[in-house]
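Listed here are the chains, written in short residue letters.
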Amino acid sequence: MSSKKELIGPAEEEIRTLLSQSGDPLEAIRAIQKDYGLDLAGIDDMYPLLDLCGYSRLEIHSACLDALNKATVHHIEQPTFQLENFYDLFEKTFKYIHIPLMQPIPMALLKKFERHIGEDIIEKLKSDLAVFENCPLNIKQRIWKQDESFFQQTMISLLNDYHHDEALQLLALDLRPDNYQEMIEERRTHPIVLKVMDTISQDPEIYRMFMQMIRIVFAATPYPSLCSLRVDVLMNFHDLDCEPILRTDKCHQLIWSLDSCVRNQNMDETIIEKIKECFDNVKNGSTLYADFAMVLMDPMISNFLASTIVKWLRYNVEDSTQQEDLEDLTNYNGKLLNLAEHAPYAIANTAKIPKLDKDLKESYWSAICSLMLEEGNDVTVPMGEKPASIILPLLRRSDIARKVFVHYLVDRTFEGDVKTLARCLPLIVETWPAPDFEEEGIIYRQTYLSFIKTMMDILVKRNLYECIADFKWRQAVVEGFLLKVVAWDCRIHEQMIRFLAEYFLDPKILVKLGPQVGIIVEWADTIVANGLKDDKHMKTLKDLYAFLLSRSNSILNGDYRISPPSVIQFVSS
């Protein structure tokens, strides 16, 4: 072989000098190619042939480097490659680890000989996050176990991506999924959840650090998404039958029991006893008690508990012989929801959770039962004064009250009970938190946003025609409620535009509505005028309005096209 110069490292400056000082750049390039080309027998004769085949020098050299990397890594992985072979090769290759194309060999050595890597190398790996990201897992775990704050630093972006993931946000807002099994599957096979699983890699110490990380972030920003991640990661390890992790997490039995309830949409006395066992010898105010509260705050779990209360209250109305048993069950679910409501306070302050609001037990459940008894009343008959005087103040101060109320209204929407909706929706309008509302604001808003999203999803599937053609539906549900709540949140504003667009996806509805399609013009102008807008959502809002106009113009040859002046002005502004 001829003697070739090394292209990596000090060659960079030499090549720069050659190119800057040469009178003929092409001549300089040819000299560089000759001096720094592959050091292989006959390669100079091969280059012209490969040039004729249309391959650049970069492609040729990259393919050779890839082959060399693969062959060397394979050699390293063999049992015959021992420690005495390690030191010399590692010394030669580690200095190039910051170059991605040169990483496979030193990374393979790091993976196989982790126990023989010195702390000086570990510090160098930590100092370059791009290099650290590509390190083998055993090296990463060694670094994390030595420096938990570094683990938190590398995990925080994953938690942030998880919280802001649009698909997961929509799942969390759905109070009545079509299929609970599919919802659970979608959550637990999400790429970010799987990335967290890979990061932990069935290591109990890393899992403990993950739980601690969740607590720290939740104490500062108590988003329900963190509770969901906590639940889903543990249940994935449960499905893997990973005993070391399951023994580490004292919440395992509680999460597993509640997961069974959600999957089966049932909560019987046997499973309730299993849940009660979890609280044996666990003190209110302890870290574990706060962890239990955080688990219960997962939207999937807290929504199940609230919907079950509504179901039991209805059983109570229909069959008073079970009244005492159902009252005990309702109050127990109320206690669990009380833990969920106070999870942010408990985690942030390691403090005792107050008892369930006595007004829920003593009057609120009865007030909801009164609404159930009024369901047959004519739409013009207002809600009874006593139920309203009980429900309204509790909606303002208790998320348990709000959760149970919105699940009751979701049921009524699903059943097409516009009479009850007409009586109850004004209470939602009256109790949206003020702009400066801080206490429990995250959970408070999510409860109502979830209801509005779920309600609109149901209306699209079951009552699109009635929302325009039936005066009771139009007045109580759309004009008396939806056209008002678009001012609350950009996400509601967006969903309401999608709601209007649904009318232009089915020709049958348009033909059936006939001239009444003109009502959509009025609604669209009202929504664009009243709907909340901010810089973050402005482009999406304009795109959605443009889609609405375009869709109305394309269906049925544009016979039902709409041209709301305020919408057109907004889109073109």
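Model, not experiment: these values are computed from the prediction.

Some words on the nonpolar core
A general trend in soluble globular proteins is that nonpolar side chains are found buried together.
Okay, so step 1: In this structure, Phe210, Tyr364, Phe405, Phe451 and Tyr503 are the most contacted members of the largest nonpolar core, which totals 181 residues.
Okay, so step 2: At 10 residues, helix α27 (residues 441-462) tops the list of elements feeding residues into this core.
Okay, so step 3: Setting aside chain neighbours within four positions, we find Tyr364 in contact with Asp359, Ile390, Ile391, Leu394, Leu395, Ala401, Val404 and Phe405.

Topic: helix α32 (residues 518-530)
Okay, so step 1: The terminal C-alpha atoms of α32, which comprises 13 residues, lie 19 Å apart, in line with the 18 Å expected from a rise of 1.5 Å per residue.
Okay, so step 2: Restricting attention to buried positions, one finds in α32 the residues Ile519, Ile520, Trp523, Ala524, Asp525, Ile527 and Val528.
Okay, so step 3: Close packing links the buried residues of α32 with α28 (464-469), α29 (471-485), α30 (490-501), α33 (538-554) and α34 (565-572).

Things to note about a positive patch on the surface
Okay, so step 1: Taken together, Lys276, Lys335, Lys355 and Lys361 make up a surface patch of like positive charges.
Okay, so step 2: With respect to the element layout, Lys355 can be found in the loop between α22 (343-349) and α23 (358-373).

Let's talk about the packing of aromatic side chains
Okay, so step 1: Under the counting rule described, the total for this entry stands at 19 aromatic pairs.
Okay, so step 2: Measuring from ring centre to ring centre gives 5.9 Å for Tyr207 and Phe237, while their planes differ by 90°; the resulting arrangement is edge-to-face. Highlighted residues: Tyr207 in helix α14 (residues 204-220) and Phe237 in helix α15 (residues 224-239), separated in sequence by 30 residues. Comparing Tyr207 with Phe237 shows no difference in burial state: the two are buried.
Okay, so step 3: Seen in terms of ring centroids, Phe279 and Tyr289 are 5.9 Å apart; in terms of plane orientation they differ by 75°. Their pairing is edge-to-face. Pair noted here: Phe279 is in the loop between α18 (269-278) and α19 (287-296) and Tyr289 is in helix α19, with a separation of 10 residues, a long-range link. Judged on exposure class, the residue Phe279 and its partner Tyr289 are both buried.
Okay, so step 4: Through a chain of ring-to-ring contacts, three or more aromatic side chains come together here, namely Phe81, Phe86, Tyr87, Phe90, Phe94 and Phe113.

Focus: the packing of α23 against helix α24 (residues 385-397)
Okay, so step 1: The contact between α23 and α24 brings their axes to 9 Å, and the two run at 120°. What the angle tells us is that α23 and α24 run oblique. The way α23 lies across α24 gives a crossing that is left-handed. Judged by residue contacts, Asp359, Leu360, Ser363, Tyr364, Ala367, Ile368, Ser370 and Leu371 of α23 engage Pro387, Ile390, Ile391, Leu394, Leu395 and Arg397 from α24.
Okay, so step 2: Residue composition of the contact of α23 with α24, grouped by class: 10 nonpolar, two polar and two charged.

Details of α33
Okay, so step 1: Under the 1.5 Å per step criterion, the end-to-end length of α33 is 24 Å for 17 residues, consistent within 8% with the ideal 24 Å.
Okay, so step 2: Of all the residues in α33, the buried ones are Leu541, Leu544, Tyr545, Leu548, Leu549 and Ser552. Buried residues of α33, viewed axially, fall in a sector of 135°; they line one side.
Okay, so step 3: Where α33 ends, the next residue or the one after it, Leu556, has phi of about 50°, a positive value.

Side note on the packing of helix α25 (residues 399-414) against helix α26 (residues 418-430)
Okay, so step 1: Where α25 meets α26, the axes come as close as 11 Å, and the angle between the chain directions of the two elements is 145°. Crossing hand, α25 versus α26: left-handed. Two secondary-structure elements touch here, α25 through Phe405, Val406, Tyr408, Leu409, Arg412 and Thr413 and α26 through Thr420, Leu421, Cys424, Leu425, Leu427 and Ile428.
Okay, so step 2: Looking at the contact of α25 with α26, its residues break down into nine nonpolar, two polar and one charged.

A short note on the pattern of salt bridges
Okay, so step 1: This structure, assessed with the given rule, holds 31 salt bridges.
Okay, so step 2: When the shortest N-O distance is used, the salt bridge between Arg215 and Asp291 registers 2.7 Å. You can see Arg215 sitting in helix α14 and its partner Asp291 sitting in helix α19, a full 76 residues away along the chain.
Okay, so step 3: What makes Arg215 buried here is its relative accessible area of 18%.
Okay, so step 4: Of the charged contacts in the structure, one is a salt bridge between Arg230 and Asp249, with a shortest N-O distance of 2.6 Å.

Notes on the environment of Ile520
Okay, so step 1: Mapped onto the elements, Ile520 comes out in helix α32.
Okay, so step 2: Take Ile520: its relative accessible area is 0%, and that puts it in the buried class.
Okay, so step 3: For the pair formed by Ile520 and Glu494, sequence separation is 26 residues and the distance between their alpha carbons is 15 Å.
Okay, so step 4: With near-sequence residues (within four places) excluded, Ile520 lies in contact with Ile468, Leu500, Tyr503, Phe504 and Ile562.

Overview of the state of the cysteines
Okay, so step 1: Under the counting rule described, the total for this entry stands at zero disulfides.
Okay, so step 2: In this structure Cys227 is not part of a disulfide, and its nearest cysteine sulfur, from Cys251, lies 11 Å away.

Considerations on unusual backbone geometry
Okay, so step 1: The backbone of Asp241 shows a phi angle near 55°, a positive value even though the residue is not glycine.
Okay, so step 2: Relative to the elements of secondary structure, Asp241 occurs in the loop between α15 and α16 (243-248).
Okay, so step 3: On the basis of relative accessibility, which here comes to 55%, the residue Asp241 falls in the exposed class.
Okay, so step 4: A positive phi angle, near 50°, is found at Gln265, a position not held by glycine.

Focus: a negative patch on the surface
Okay, so step 1: A contiguous patch of negative charge, built from Asp268, Glu269, Glu273, Glu277, Asp280, Glu324, Asp325, Glu327 and Asp328, is present on the exposed surface.
Okay, so step 2: Here the negative patch takes four residues from helix α21 (residues 323-341), the largest share from any one element.
Okay, so step 3: Considering the arrangement of structural elements, one finds Asp268 in the loop between α17 (252-264) and α18.

With respect to the side chain of Thr199
Okay, so step 1: With respect to the secondary-structure elements, Thr199 resides in helix α13 (residues 191-200).
Okay, so step 2: Thr199 gets classed as buried once you look at its relative accessible area, which sits at 9%.
Okay, so step 3: Within the structure, the side chain of Thr199 is placed 2.8 Å from the backbone oxygen of Lys195, a separation counted as a polar contact.
Okay, so step 4: With near-sequence residues (within four places) excluded, Thr199 lies in contact with Leu137, Gln141, Trp144, Phe151, Met155, Leu158 and Ile206.

Quick notes on the rules
Residues numbered from 1 in each chain as written. Predicted model: local features only at pLDDT ≥ 70, side-chain atom pairs only at ≥ 80, totals over all residues. Heavy atoms only, no water. Core = buried A, V, L, I, M, F, W, Y, C linked by side-chain atoms within 4.5 Å. Buried < 20%, exposed > 50% of the residue type's maximum accessible area, 1.4 Å probe, protein only. Helix = DSSP H or I, 4+ residues; strand = E, 2+ residues; numbered from the N terminus. Contact = heavy atoms within 4.5 Å. Expected span 1.5 Å × (residues − 1). Patch = residues over 30% accessible without salt bridge, like charges linked within 9 Å, V, L, I, M, F, W, Y side chains within 5 Å. Areas by Shrake-Rupley, 256 points an atom, 1.4 Å probe, with all protein chains shown as cover. Salt bridge = Lys/Arg side-chain N within 4 Å of Asp/Glu carboxyl O. Lys, Arg positive; Asp, Glu negative; His and termini not counted. Charge placed at Lys NZ, Arg CZ, Asp CG, Glu CD. Phe/Tyr/Trp six-rings, centres within 6.5 Å; stacked < 30°, edge-to-face > 60°. Axes fitted to C-alpha atoms, helices over the stretch in contact; angles between N-to-C directions. Parallel < 35°, antiparallel > 145°, perpendicular 65-115°, else oblique. Left-handed = near helix turned anticlockwise from the far one by under 90°. Nonpolar A, V, L, I, M, F, W, Y, C, P; charged D, E, K, R; others polar. Arc of directions from axis to C-beta. Disulfide = S-S within 2.5 Å. Polar contact = N/O pair within 3.5 Å; in protein donor to acceptor, adjacent residues only side chain to side chain.

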